[in-house]
Number of protein chains: 4
Amino acid sequence: MVTAVDAQREAVCALHAELVRYGLVVWTAGNVSGRVPGHDLFVVKPSGVSYDVLTPDSLVVCDLDGDLVDGPWAGGDLRPSSDTAAHAHVYRHMPHVGGVVHTHSTYASAWAAAGLPVPCALTAMADEFGGEIPLGPFARIGDDSIGRAVVATLDGHRSPAVILRNHGVFSIGRDAASAVKAAVMCEDVARTTHLATALGPVAPLPQDDVDALFDRYQNVYGQQPAHQDQGASA
Amino acid sequence: MVTAVDAQREAVCALHAELVRYGLVVWTAGNVSGRVPGHDLFVVKPSGVSYDVLTPDSLVVCDLDGDLVDGPWAGGDLRPSSDTAAHAHVYRHMPHVGGVVHTHSTYASAWAAAGLPVPCALTAMADEFGGEIPLGPFARIGDDSIGRAVVATLDGHRSPAVILRNHGVFSIGRDAASAVKAAVMCEDVARTTHLATALGPVAPLPQDDVDALFDRYQNVYGQQPAHQDQGASA
Amino acid sequence: MVTAVDAQREAVCALHAELVRYGLVVWTAGNVSGRVPGHDLFVVKPSGVSYDVLTPDSLVVCDLDGDLVDGPWAGGDLRPSSDTAAHAHVYRHMPHVGGVVHTHSTYASAWAAAGLPVPCALTAMADEFGGEIPLGPFARIGDDSIGRAVVATLDGHRSPAVILRNHGVFSIGRDAASAVKAAVMCEDVARTTHLATALGPVAPLPQDDVDALFDRYQNVYGQQPAHQDQGASA
Amino acid sequence: MVTAVDAQREAVCALHAELVRYGLVVWTAGNVSGRVPGHDLFVVKPSGVSYDVLTPDSLVVCDLDGDLVDGPWAGGDLRPSSDTAAHAHVYRHMPHVGGVVHTHSTYASAWAAAGLPVPCALTAMADEFGGEIPLGPFARIGDDSIGRAVVATLDGHRSPAVILRNHGVFSIGRDAASAVKAAVMCEDVARTTHLATALGPVAPLPQDDVDALFDRYQNVYGQQPAHQDQGASA
């Protein structure tokens, strides 16, 4: 059991560096978590710790209520991310989800502050999100309101990302890497679509094109699992 | 024959790093290919593989139908980029083209999502593109529709780049390095022109100025071949 | 006494690198200072010196009138930042302040040039600033006019940052690291809010939500002091 | 004499790296030159050569007609930048100028494409430019039209930078480092002012404030020469 937790610590730690690399976070404002396969546990960032000093050992292990786990995997005395309740709520209610990411990435958060979903006018967006990136309601931190808003918006939706009004992005995936990819692509298409709207009206793609692109991308793109690298259209 | 393929593998691998350096791609969303001189072959990125782990050996060799080539140059069992059919179509129909690049670079794709060509209001754009960067039609991935859209728009046009509606950029060149340069300059002038339109109406350059600049740049700029470095105006 | 000064030199020197890392400064246009605990002194950047060559030894030690201090902590013959009078004014009039930062960061300065405060439409902004980022008056450099403008705007305000009309940002904190964090977050929320206004009208968050978020963030977020890392919501 | 040329080769080579660092150039589109003190010569970038491979030895030495100089300083067989005629024209007609920079930096070129000078609404701009950054006329490359446009606009103007309509930026300085600083600050204030105009009308600073700021900055800012580092307000 230590092995599965340790592997997830390594993976989740490395994925935080991707948030930095793609410019999705400043200071400590963003976090990744990953479910521990075969256990009712997930690994998440400690609260307020800089990405520079994040190590696998400093990550926090929580149960699906978001409570710190005792024992050898507990990661010392650091407190989990203040967004942990939201992560836990998603894991409890979406059993197929193996990873959750939260950021305040710039362009996605701009759509959130304007109270608008991101319309689907790009093939890359149809591929990854299968339509618009939906807008979820405003929810205060402190209980499971944010988690409920995420689940209510994403459950049954093709999109692996939601922008919460006046807040930022939550994304999900079959594992933490897929959730990070969704967060990266969300910011990318939010940016391109924002800039497109400055040039004139942007018409969404027709639904049948979106459906065909989404279906193909989910089933044909990339390598067989041995070579798979969570890639976007390339 | 191995030598020509190997040299192209090295070159195309290195050029993918330029896409990253100039911020034209996120995750795995962009690809470069290069025709193998003297052979009906081209080298292209494998699908869904991260730029971080791309090596010359991991690149895929295809024939001009876009099919994987057997034998010592086949590069293992990786599948080629999902955009390979478009690259192959260009090589089949534009024999002077030695390199093809596809990206979803941000500003060029914003013009694509707005359904507008990039007007020519900058000397650097007249130099490199000889006029506007044309808008090609929307085309679904999956057959040679995208390749046909690229060829139909660029054939007989001065511009080495086309933006496909609701999609992104394809650029061409006499070799892969020239096609990458065209992709870099396309994003650069798309960005500057986008920002200019936010300040007020942008009048295109008069046609005789465009013609004079394009003619001079194509014939005078840079060093003799031994020192040539695919440079923009400098 | 040398120890406290030396420690602050080290800290303030390292924090200038954060201004560069987060893109808040170009050339030499920005500075950090830190009060020396237990002494009526502060450490500040020398004027016109590149961040590349800044060393702890090159920082300047001033008294609370902004005058260079003689003796072993004086740091050679470099002149202090031309903004030193403003830093000194803040330290004299805001005894709880242990660090001051000044930048011309892009988006915050854009709000300043437009003569507008940054409205509070993001949870991250409620967390860190407790409401809008206020606009202070224009003030000329050369006497303590800028310092007075900063103190008059921030005194009694929740926000640790002020944007001065037609100028840039001053931020404060309990120590220099906190003031740098405020400068980083100021630019981040100024950017996101700027981009949001391009999409449509941006409604500020209701006051009771702002109050609840601010109160929680100031009191619950992060680790106990031993692990605290001046973090934003994570 | 070799010494003065060699020193200028070193300085001009290093300054090209600053163009890259501050994001003022893509590919090879930008160049720096520096007058050789005590000689009617200047050192300039070779045409179309990548910044990555630029070495002091690869720089080109020209006389004030822009013609390649023979002899031990001639730098091999590389051709000078295609903008060399413009640099030479400036050196011939502005004897106090020791350095010239040309870029197509993004925001400054956006103002150029829109045909507008950059209004002076920032203290940093009053400091460095003493007012607006003027718009010069469109001029075709190929003779000394561009050089004449630069000199006609900058001669007698406080601003060390001019934006040429539909083209880009030329900046000057007492030496090459000062000209590079002017190019960096030009892009910085062009960007901030561009973003400010998106928020609402931007009123220029009153002339007496501009005059006072410019006078102070030119005479008080920074260190004595031994420590001077061409700094902006800090």
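Quick summary incoming for the structure in this document. Worth saying up front: this structure is predicted, and the values here are computed from it rather than measured.

Rules behind the numbers
What you see as residue numbers is a count from 1 along each chain, following the sequence as written. To label them, take the chains in the order written and letter them from A, then take the ligands in the order written and number them from 1. Reporting in this predicted model follows two pLDDT cut-offs: at least 70 for local features of residues, and 80 or more for side-chain atom pairs to be given and counted; totals over whole chains, interfaces and linings ignore these cut-offs and use all residues. The side-chain quantities take in all heavy atoms of the structure and omit both hydrogens and water. Helix and strand definitions follow DSSP, with helices as H or I runs of at least four residues and strands as E runs of at least two, each counted in order from the N terminus. Our radius of gyration is a C-alpha quantity, and the globule rule it is checked against amounts to 2.2 Å times the number of residues to the power 0.38. We call a residue buried when its accessible area falls under 20% of the maximum for its residue type, exposed when it is over 50%, and partly exposed in between, using a 1.4 Å probe and counting protein chains only. Two residues qualify as a contact provided that any one of their heavy atoms is within 4.5 Å of a heavy atom in the partner residue. Accessible areas in this description were obtained via Shrake-Rupley with a 1.4 Å probe; residue shielding takes into account the shown protein chains only. Note that His is not counted, nor are the chain ends; the positive residues are Lys and Arg, and the negative ones are Asp and Glu. For the purpose of locating charges, the reference atoms are NZ of Lys, CZ of Arg, CG of Asp and CD of Glu. Here the copies are matched by least squares. The fit uses the C-alpha atoms of residues with pLDDT of at least 70 in both. Throughout, buried area stands for the accessible area (probe radius 1.4 Å) lost by two parts on being put together, summed over both. Just to be clear on terms, a salt bridge is a Lys or Arg side-chain nitrogen sitting within 4 Å of an Asp or Glu carboxyl oxygen. Polar contacts, as counted here, are pairs of nitrogen or oxygen atoms within 3.5 Å of one another; within protein the pair requires one atom able to donate a hydrogen and one able to accept it, and residues that are adjacent in sequence qualify only if both atoms are side-chain atoms. Classification convention: Asp, Glu, Lys, Arg as charged; Ala, Val, Leu, Ile, Met, Phe, Trp, Tyr, Cys, Pro as nonpolar; all other residues, Gly among them, as polar.

Moving on: the overall build of chain A. Helix and strand counts for chain A come out as 7 helices and 7 strands. Ordered by position from N to C terminus, the α and β elements of chain A give α-β-β-β-α-β-α-α-β-α-β-β-α-α. Compactness check: chain A gives a C-alpha radius of gyration of 17 Å against a globular reference of 17 Å for 234 residues, within 12% of the reference. Along the first, second and third principal axes, the C-alpha set of chain A runs to 55 × 40 × 30 Å. Counting every position in chain A, which comprises 234 residues, the buried fraction comes to 65%. Considering only contacts within chain A whose residues lie at least 6 apart along the sequence, 63% involve residues at least 24 apart. Carbon and sulfur atoms provide 52% of the accessible area of chain A, an area that totals close to 7900 Å². A distance of 3 Å separates the average location of the 14 positive side-chain charges in chain A from that of its 26 negative side-chain charges.

The next point concerns the relation of the copies chain D and chain B. Overlay of chain D on chain B (RMSD 0.0 Å): rotation 90°, translation along the axis 0.0 Å. The superposition of one copy onto the other is thereby described by a four-fold rotation axis. Proximity to the rotation axis, assessed at the C-alpha, singles out A198(D) in chain D; its C-alpha lies 5.4 Å from the axis.

All right, on to the interface of chain D and chain B then. The interface of chain D with chain B comprises 36 residues on the first partner and 40 residues on the second. For the pair chain D and chain B, the summed buried area comes to about 3300 Å², and 55% of that belongs to carbon and sulfur atoms. When residues of chain D are sorted by the area they lose upon contact with chain B, W27(D), R79(D) and R140(D) head the list and together hold 24% of the total. At the boundary of chain D and chain B, one finds 3 salt bridges. Across the pair D209(B) and R140(D) runs a salt bridge, and its minimum N-O distance is 2.6 Å. Where chain D meets chain B, there are 7 residue pairs in polar contact (both at pLDDT 80 or more). Elements represented by at least two residues in the side of chain D that touches chain B include exactly β1 (30-35), α3 (106-114) and α6 (176-197) of chain D. Residues belonging to the side of chain D that touches chain B are distributed by class as follows: 14 nonpolar, 16 polar and 6 charged.

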